[in-house]
Amino acid sequence: MLTALLEQKVFTTIQFTREELRRIRSKGVPFHCPYCASPLSLRIGNRNIPHFAHMSRPECIVENQNESPKHLLSKQLLYDRLNTLYRDVRLEHYLKELNQIADIYVKTDSRKIAVEIQCSNIPIPELEQRTHGYLRDGITPFWVLTQSLKRKKLLKLSSFQQAFIRYSPQLHYFLLHFLPELNSFHLYTHLYPVSISNFISTAPVMIPVSQFTLPLTISELPFHHLKPLINWNDYRMKWIYNKINYNKSGRDAFLREVYGEGDTFLYLPLYVGLPVFPHGLHIKNHEVEWQYYLWKDSLKRGSSISEESMTLGLNRRLAAGHIELRILPFVKKDELIRDIVREYLRILEKVKVIDRVGENQFKLTGPWSCPDHFGAFELHRDDFFSKWKHILNHV
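Residues numbered from 1 in each chain as written. Predicted model: local features only at pLDDT ≥ 70, side-chain atom pairs only at ≥ 80, totals over all residues. Heavy atoms only, no water.

**What about the sheet that holds strand S15 (residues 192-193)?**
For step 1, the next point in the chain: Taken in spatial order, the 4 strands of this open sheet run S10-S11-S16-S15, and their pairing is antiparallel. The open sheet is flanked by strand S10 (150-151) and S15, the only strands paired with a single partner.
For step 2, the next point in the chain: The pairing of S10 with strand S11 (residues 155-156) spans 2 bridges and is antiparallel. Its bridge partner being in S11, Arg151 is matched across the sheet by Leu155. (Pairing = 2+ DSSP bridges. Helix = DSSP H or I, 4+ residues; strand = E, 2+ residues; numbered from the N terminus.)

In structure tokens form, the structure reads like this:
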């Protein structure tokens, strides 16, 4: 905690130097918890942010929070920045109606904003519940992720970290990551998954805390659009080989469908598993899986294909548990499955796999053909990339 009551007035450690705090503490003045009125001790180390802690273990809303040094530093940095932008900024503000403490609370003439800093995992349903509670009370929540991220060629995100993904038409799906030790945010834009936890993204854009705003200003940021085909087929083939290698027992339900249909999984046509931007990210399954379901259920079955029938088919797969959506609490998307189907059809039309024959009606330009040996697949692959690579670079 960074706030306490001193003689019934709110006292905040970040408004004083360490030396000033030591002098105040030496006078033996009593600090009390603003939430439960229990005595607090003022802790002043040389490394961590000076803060308060309960002297005993009372029944208190903050009893089990055990804030890390990173959490305390994050609160200080963001409070200092927001305090320069708004007149009414409160640290560790208790919202009685919600029985909840906002790390930072901002009130303007037209908006109320709660900034929540998240350093450790909490159940995603709890994150959703707290978000809905804020919204019901007319407060806009802004969640800040500070957990360490793993990034080499790809950005590796846990299910909890993926829950912080947001969407904008300009940045597509993006992740804002706060690094208090560097006094800056990193913004990863145009995220696209190549597996359940690995994502392609642009190089992160650094946003110093001194430039942070609420809402986040993105129009002037120097980001670069991601080209979908960068290593796309390498990642696709790696997923296919892994699927084969980890299915020695033959129990994989998806592979049983492929083989039962008479198709060769290793040599599926390259238009099964295309990157579908931007909303394909919502489906947790690999593109090869959900796009093959579309072919098996709709595209292969007749000469006339409708967007409506494909949307219904994919929704049936979702209801049956054959595909799963990512949990993205901060992204609200109506008609999500329809938009994903529409984006996939748009790509197939561009690469001349289908032709439009009416409003939302299509037909195949040629019959379904899955190579059954490497030589045939090699010919398909060469033909696919020689004719269509320039188109796919702009999907």
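Read on for the rest.
**Quick look at the sheet that holds strand S18 (residues 305-306)**
For step 1, the next point in the chain: Taken together, the 3 strands give an open sheet; going across it, the order is S18-S20-S19, and neighbouring strands pair in antiparallel fashion. Lying at the two open borders of the sheet, with one neighbouring strand each, are S18 and strand S19 (354-358).
For step 2, the next point in the chain: As judged from the 2 bridges shared by S18 and strand S20 (residues 361-364), these two strands associate in the antiparallel manner. Its bridge partner being in S20, Ile305 is matched across the sheet by Phe362.
For step 3, the next point in the chain: Along the sheet, helix H9 (residues 336-350) makes contact with S19 and S20, crossing S19 at roughly 110 degrees. (Contact = heavy atoms within 4.5 Å. Axes fitted to C-alpha atoms, helices over the stretch in contact; angles between N-to-C directions.)

**A few points about the nonpolar core**
For step 1, the next point in the chain: Counting residues in each nonpolar core, the largest one holds 47 residues, and the members touching the most others are Tyr271 and Trp295.
For step 2, the next point in the chain: Sorting the residues of this core by element identifies helix H5 (232-245), helix H6 (253-260), helix H7 (287-299), helix H8 (307-319), H9, S20 and helix H10 (374-392) as the ones contributing at least two each.
For step 3, the next point in the chain: Ranked by residues supplied to this core, first place goes to H9 with 8 residues.
For step 4, the next point in the chain: When sequence neighbours within four positions are dropped, the list of residues in contact with Trp295 reads Tyr271, Val272, Lys300, Tyr344, Leu348, Val353, Leu364 and Trp368.
For step 5, the next point in the chain: In this structure, Ile113, Leu171, Phe185 and Leu216 belong to the second largest nonpolar core, which totals 30 residues. (Core = buried A, V, L, I, M, F, W, Y, C linked by side-chain atoms within 4.5 Å. Buried < 20%, exposed > 50% of the residue type's maximum accessible area, 1.4 Å probe, protein only.)

**Examining the packing of aromatic side chains**
For step 1, the next point in the chain: As enumerated under the stated definition, the model contains 26 aromatic pairs in all.
For step 2, the next point in the chain: Measuring from centroid to centroid gives 5.9 Å for Phe142 and Phe212, while their planes differ by 55 degrees, and the two rings are tilted. Taken together, the residues span a long stretch of sequence, with Phe142 in strand S9 (residues 140-145) and Phe212 in the loop between strand S17 (205-208) and H5 at a distance of 70 residues. Phe212 carries the same exposure label as Phe142, and that label is buried.
For step 3, the next point in the chain: The ring of Phe142 carries the charged tip of Arg166 above its face, separated from the ring centre by 4.8 Å. (Phe/Tyr/Trp six-rings, centres within 6.5 Å; stacked < 30°, edge-to-face > 60°. Lys NZ or Arg CZ within 6 Å of the ring centre and 35° of its normal.)

**Here's the deal with the pairing of S19**
For step 1, the next point in the chain: Pairing geometry for S19 and S20, over 4 bridges, is antiparallel. Each bridged residue has a counterpart across the sheet, and for Gly358 the counterpart in S20 is Gln361.
For step 2, the next point in the chain: Where S19 hands over to S20, the hairpin turn is made up of 2 residues, of which Asn360 adopts a positive phi near 60 degrees.

**Points about empty space enclosed by the protein**
For step 1, the next point in the chain: Tallied over the full model, the rule gives 2 cavities of 30 Å³ or more.
For step 2, the next point in the chain: Forming the boundary of the largest cavity are 11 residues, of which Pro193, Val194, Trp232, Tyr235 and Glu287 lie nearest the centre.
For step 3, the next point in the chain: Top element by residues in the lining of the largest cavity is H5. It accounts for 3 residues.
For step 4, the next point in the chain: Grouping the amino acids of the lining of the largest cavity by side-chain chemistry returns 8 nonpolar, 1 polar and 2 charged.
For step 5, the next point in the chain: Around the second largest cavity, the lining residues are Tyr192, Pro193, Val194, Ser195, Gly280, Ile283, Lys284, Asn285, His286, Glu287, Trp290 and Arg326.
For step 6, the next point in the chain: The set of elements that each furnish at least two residues to the lining of the second largest cavity consists of S15 and H7. (1 Å grid on protein atoms, 1.4 Å probe; cavity = no way out; pocket = protein on both sides within 12 Å on 5 of 7 lines; lining within 4 Å. Points joined across faces, edges and corners; volume = space filled by probe spheres on them. Nonpolar A, V, L, I, M, F, W, Y, C, P; charged D, E, K, R; others polar.)

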